Amino acid sequence: MQQRRSRMADDAPLPPDDDASSDVLSPDAGAEEEALETTLRPSRLEGFVGQPKIKENLRVFMTAALQRGDALDHTLLFGPPGLGKCITPDSLVLTGQGLVPFRELIPNDLKPGTSCPLEAEVFGTEGLEKTSHVYASGRTSTRRVTTRSGFVLEGTPQHPVRVATPQGPQWRRLDQLEAGDPVAIGRGTELWADDVHRTFWTPDAPADRRHRMEARVGRLHAALADALDRPPAAVELRSAYCAMQEITASPTPEQTAHRLGLPLADGNAVATVAQPWDRVASGFTRLNDGRRSLTLDADLAYLLGVLVGDGNWERGANAPAFTITCDEAAMQEELRRVSREAFGKAPAVQTCGDRTAKLRFSQNQGKACLRLGSEAAGAWEKEIPSAVLTSPRAVVVGFLQGLFDADGHAREDGVELGTRSEALARQVQLVLANLGIVAYRSTKERAGTLFQVLYVGGRDALRFYEEVGFRLERKYARREALRQKERGWSRCGLVPGANGPLAALLDKTTPHSRAVHKTFSHVKRGDRVPSRQQIKKYLDLLPDRVRREPEYETIQALTDPHVLWDAVAEVEEDEAETFDFVVPGTHSFVANGFYNHNTTLAHITAEEMGAKIVTTSGPVLEKPASLSGVLTNLEEGDVLFIDEIHRLASVVEEYLYSAMEDYRIDILIDSGPSSRTVQVKLKPFTLVGATTRKGLLTAPLRARFGIDLRFDYYPAEVLQEIVERSAGILSIEITDDGAFEVARRSRGTPRVANRLLRRTRDFAEVEGEGVITEDIADHALGALDVDEEGLDDMDTRILLTLIENFGGGPTGLNNLSVSVGENAGTIEEVYEPYLIQEGFMERTPRGRIALRRAYHHFDLTPPEEEDLFG
């Protein structure tokens, strides 16, 4: 597969954090790492690997709550760090073979309520992965979402898509979307097929037809003479020929035999046979009728593009011949050149008075175009030929050039395409988005007829000229006018949801000059949506330490240059046949440009309970007002997931007490002498909190969780299963021994295992044969400073410092921190939990102590134990 990502200067990603740790064993994840993790997590309880006791208990709790009709008790998930989409069949799914209509992947005999195995490569949040099954949901209620740019997705109400929020990209069901909600549309994915399409065509000039006729008659005459042991009679030759051609009667074989001088027996003098074809059929090999191979390359795709734009299919006896109307000499010459190279001959230009000139293509040429997916359809039914949609990039570009040469308009402010076919307009919009070009689709009425209009403006128009362009010079010349215009912000560069985290970063880095506050005035008021360029300018005004803040990662996720945040324009209710992909890995795929996704254990809980989930994190909820807005919008039975719940501000944590216990909150109105408290009732909901530091939660908050689930480190055998599952999702070839080697050195943490798997893959591809074996895994992990016990360089420094500098301990955390050059909090939260659990060190009231296992690991002799009795 060829993937190429084109980037405009204004779409450049935010500067990387030069101070960020590159430690592959870190249990924490940045925005990119979190994006990968979401692709590797299951969406249903049965797909959750490991933690069998938790899994079974959670199943019991959820089943009981459903049977009672109650909301699930509030659930606390804690432990070490790191711990069925339904769409309509006309949706275009982004696959390893380009854009494919879902209907082409569905077996014809699949009945509603049944499923069958289906292995297809679809594009999800982390590239290509294989599906396992397809499920027919039958006719169900649907929601059809249309964005302001004209992208359309229809699916079941529970179907989730990616949206932008101040907390970063999140997932929201179609029935929860409202006008104005910004949804993620993929652009610049650059996913195309590798293989070209080939078909055949039969030359049909008079001389070609005569030659084929003579060859057929000659071979048939020889076969009959051999079978009858005499020359065939005219009636026998004629009867056998008609049977071979499946026609009723024709004088052609007799006439051809006379022309070729082939002897024919006298039918009155010999006993003729009634069915002569039966005498030769079993051993007769048909000729290929002079068929010639035809490859769908960029030039032939250009011809198909002009055919879709300005072509007309003939009807009746002349079908499927077609004509292309064209008065422009440059296009006529280009079409004649393409035809000459593809079919060996150029059509004549036919003119008649004041009528538009035409180029006529024969029936056999029309048949070849039909075999490539063209359809003899009316103007309102035209579509991109199926073979073009699943072709390499150059072929798709060739088609677009032909279509825009025919029906496109090069304006001074951009590029426009008009068509009566909505299907064609939507397909072209998706193909352009795959190229990184955003086109806006609208409907206009011209002379009483509705037309679909695609408009590409601004920087996207310049990108269009760079990536596609026109073959007609007079249209291509308009590029210069576009280049001379200054470009400001464009709608496709806007980043909704960014004002909140930007304002938070400003507050965290005070004091600032008056000029900085003035620059951030719109950010603080939230009255404008910033563009990517503006966000970069804002961040440049803040100190570098903002890169260590969670809001910075949120902004990085929102400013992904390969995502267009397109506002929802309309959500309509309808009914349609729907089908469900089963994607075992990421449970995600791109359809009609929309990112579709569903992940995490909290999402599993919501999915099993049939509820909506709202996700946030402790650091985001800084004030009670932030939490009250979230709580009052929850419906009965909804799941509120708070990650890093131990980082909630104390005032916010106290605000949760009454919400969790009595489903009510008290809101303070006004201030001073006129202040008063208003009690607001909440609908019963389930709070799912996740933390790696349960001890930092106050006792009153811990007591309000009815379900308390502790996650342990994963044993190597379970991690091996996770590694093998992830390798399958990421199309990584790995042996059992290789998977176990990665698993046993992953510190008992799935996130670390997935990270090591990706890095090991790099070594396998560069220094191996693309397969992760035990030797490759050992070599790669050694190069990454991950030793046999899963310890990295910092782990080693901590243990050796304890042994060599402090005699094995005890020593205080601050002493240890200064000695190894690492923050005390990082040592305590990141490194110590694993070292203590694995028996390398111990925390005591007097300080940290190195245990025997640490000495043995470094081939050192432990000090003699003190004899307590003398």
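Treat the numbers as computed from the prediction; the structure is a model and nothing was measured.

The rules we used
- Residues numbered from 1 in each chain as written.
- Predicted model: local features only at pLDDT ≥ 70, side-chain atom pairs only at ≥ 80, totals over all residues.
- Heavy atoms only, no water.
- Helix = DSSP H or I, 4+ residues; strand = E, 2+ residues; numbered from the N terminus.
- Buried < 20%, exposed > 50% of the residue type's maximum accessible area, 1.4 Å probe, protein only.
- Areas by Shrake-Rupley, 256 points an atom, 1.4 Å probe, with all protein chains shown as cover.
- Pairing = 2+ DSSP bridges.
- Phe/Tyr/Trp six-rings, centres within 6.5 Å; stacked < 30°, edge-to-face > 60°.
- Lys NZ or Arg CZ within 6 Å of the ring centre and 35° of its normal.
- Contact = heavy atoms within 4.5 Å.
- Axes fitted to C-alpha atoms, helices over the stretch in contact; angles between N-to-C directions.
- Core = buried A, V, L, I, M, F, W, Y, C linked by side-chain atoms within 4.5 Å.
- Parallel < 35°, antiparallel > 145°, perpendicular 65-115°, else oblique.
- Left-handed = near helix turned anticlockwise from the far one by under 90°.
- Polar contact = N/O pair within 3.5 Å; in protein donor to acceptor, adjacent residues only side chain to side chain.
- Nonpolar A, V, L, I, M, F, W, Y, C, P; charged D, E, K, R; others polar.
- pLDDT = per-residue confidence, 0-100.
- Salt bridge = Lys/Arg side-chain N within 4 Å of Asp/Glu carboxyl O.

Undergrad: Summarise the overall build of the chain; cite the residues concerned and give the values.
TA: The secondary structure content of the chain amounts to 32 helices and 37 strands. In the chain, which comprises 870 residues, the proportion classed as buried is 52%. With the model as given, the accessible surface of the chain reaches about 39800 Å², and the carbon-plus-sulfur share is 46%.

Undergrad: Got a sec to walk through the sheet that holds strand E19 (residues 349-350)? Specific residues and values, please.
TA: Here we have four strands laid out as an open sheet, ordered E17-E18-E20-E19, and antiparallel in their pairing. Both outer strands of the open sheet, strand E17 (311-313) and E19, are each paired with one neighbouring strand and no more.

Undergrad: Please provide a residue-by-residue account of the packing of aromatic side chains, values included.
TA: Per the counting criterion, the structure on display carries twelve aromatic pairs. Ring geometry for Phe 404 versus Phe 470: centroids 6.4 Å apart, planes at 75°, classification edge-to-face. With Phe 404 in helix H11 (residues 393-407) and Phe 470 in the loop between helix H13 (458-467) and helix H14 (473-476), this pair connects stretches of sequence that are 66 residues apart. Comparing Phe 404 with Phe 470 shows no difference in burial state: the two are buried. With centroids separated by 5.7 Å and ring planes inclined at 75°, the aromatic side chains of Tyr 663 and Phe 685 adopt a geometry described as edge-to-face. Of the two residues, Tyr 663 is situated in the loop between helix H23 (650-661) and strand E30 (664-669) and Phe 685 in the loop between strand E31 (676-681) and strand E32 (686-691); the sequence distance between them amounts to 22 residues. Accessibility expressed as a relative area gives 24% for Tyr 663, which makes it partly exposed. Owing to a relative accessible area of 0%, Phe 685 belongs among the buried residues under this scheme. Grouped by ring-pair contacts, the aromatic residues Phe 404, Phe 464, Tyr 465, Phe 470 and Tyr 476 constitute a single cluster. One cation-aromatic arrangement involves Arg 371 over Phe 200; the distance from NZ or CZ to the ring centre is 3.9 Å.

Undergrad: Tell me about helix H16 (residues 499-508), residues and numbers included.
TA: Counting buried positions along H16 gives seven out of ten residues, so the element sits mostly inside the fold. Buried residues belonging to H16 abut helix H17 (514-519), helix H18 (521-525), helix H19 (532-540) and helix H20 (550-558).

Undergrad: Lay out the sheet that holds strand E21 (residues 408-411) with the relevant residues and their values.
TA: Pairing within the open sheet is antiparallel, and its four strands lie in the order E21-E22-E24-E23. Two strands in the sheet have a free side with no partner beyond their single neighbour: E21 and strand E23 (440-446). Looking at each pair of strands side by side, their axes are set apart by 25° on average, direction ignored. Relative to strand E24 (residues 449-457), strand E22 (residues 414-419) runs antiparallel, the two sharing six bridges. Bridging across to E24, Thr 419 finds its partner in Gln 452. On the sheet, helix H12 (residues 422-434) packs against E22, E23 and E24 and is oriented at approximately 10° with respect to E24. Along the sheet, H13 contacts E21, E22 and E24; its crossing angle with E24, the most-contacted strand, is approximately 85°.

Undergrad: Tell me about the nonpolar core, and name the residues and values.
TA: Core analysis: the largest hydrophobic core is formed by 121 residues, its most contacted members being Leu 400, Val 428 and Leu 432. Not counting the four nearest positions on each side in its chain, Leu 400 is found in contact with Val 428, Val 431, Leu 432, Leu 435 and Val 468.

Undergrad: Provide a residue-level description of the packing of helix H7 (residues 298-310) against helix H8 (residues 329-343), including the pertinent values.
TA: Relative to each other, H7 and H8 sit at 130°, their axes nearing to 9 Å. Between H7 and H8, the angle is such that the two are oblique. Once H7 is placed against H8, the crossing between them reads as left-handed. Facing Asp 299, Leu 300, Tyr 302, Leu 303 and Val 306 of H7, the residues of H8 in contact are Met 331, Glu 334, Leu 335, Arg 337, Val 338, Glu 341, Ala 342 and Phe 343.

Undergrad: Let's hear about the side chain of Asn 592: which residues, and what values?
TA: Mapped onto the fold, Asn 592 is located in the loop between strand E26 (589-591) and strand E27 (594-596). Among the polar contacts listed, one links the side chain of Asn 592 to the backbone oxygen of Val 152, at a separation of 2.9 Å. If sequence neighbours within four positions are ignored, Asn 592 has contacts with Ser 91, Leu 92, Phe 151, Val 152, Leu 153, Arg 426 and Leu 430.

Undergrad: Kindly report on the packing of H16 against H20, identifying the contributing residues and their values.
TA: In the contact formed by H16 and H20, the axes pass within 9 Å of each other and the chain directions differ by 150°. Classed by the angle they form, the pair H16 and H20 counts as roughly antiparallel. Regarding H16 and H20, the two cross each other, and that crossing is left-handed. Residues Pro 501, Leu 502, Ala 504, Leu 505 and Lys 508 of H16 form the contact with H20, whose own contacting residues are Pro 550, Glu 551, Tyr 552, Thr 554 and Ile 555. For the contact of H16 with H20, the per-class residue count stands at seven nonpolar, one polar and two charged.

Undergrad: Tell me about the confidence of the model for the chain, residues and numbers included.
TA: Taken over all residues, the pLDDT of the chain has a mean of 80, while the share at 70 or more is 80%. Predicted confidence is poor over residues 1-22, with pLDDT under 50, and the contacts of this stretch with residues over four places away or in other chains come to 53 contacts. Every residue in residues 865-870 scores below 50 in pLDDT, and together they form one contact with partners more than four places removed in sequence or on other chains.

Undergrad: Requested: an account of the pattern of salt bridges, with residues and values cited.
TA: Using the criterion set out here, one finds 37 salt bridges in the structure. The salt bridge involving Glu 314 is made with Arg 360; its shortest N-O contact spans 2.9 Å. Residue Glu 314 is found in the loop between E17 and strand E18 (322-325), and its partner Arg 360 is found in strand E20 (residues 358-361); the two are separated by 46 residues along the sequence. On the basis of relative accessible area, Glu 314 is assigned to the buried category, the value being 19%. Where Arg 848 meets Glu 832, a salt bridge forms, and the shortest distance between an N and an O atom there is 2.7 Å. Taken as a pair, Arg 848 in strand E37 (residues 847-850) and Glu 832 in helix H31 (residues 824-837) lie far apart in primary sequence, 16 residues in all.

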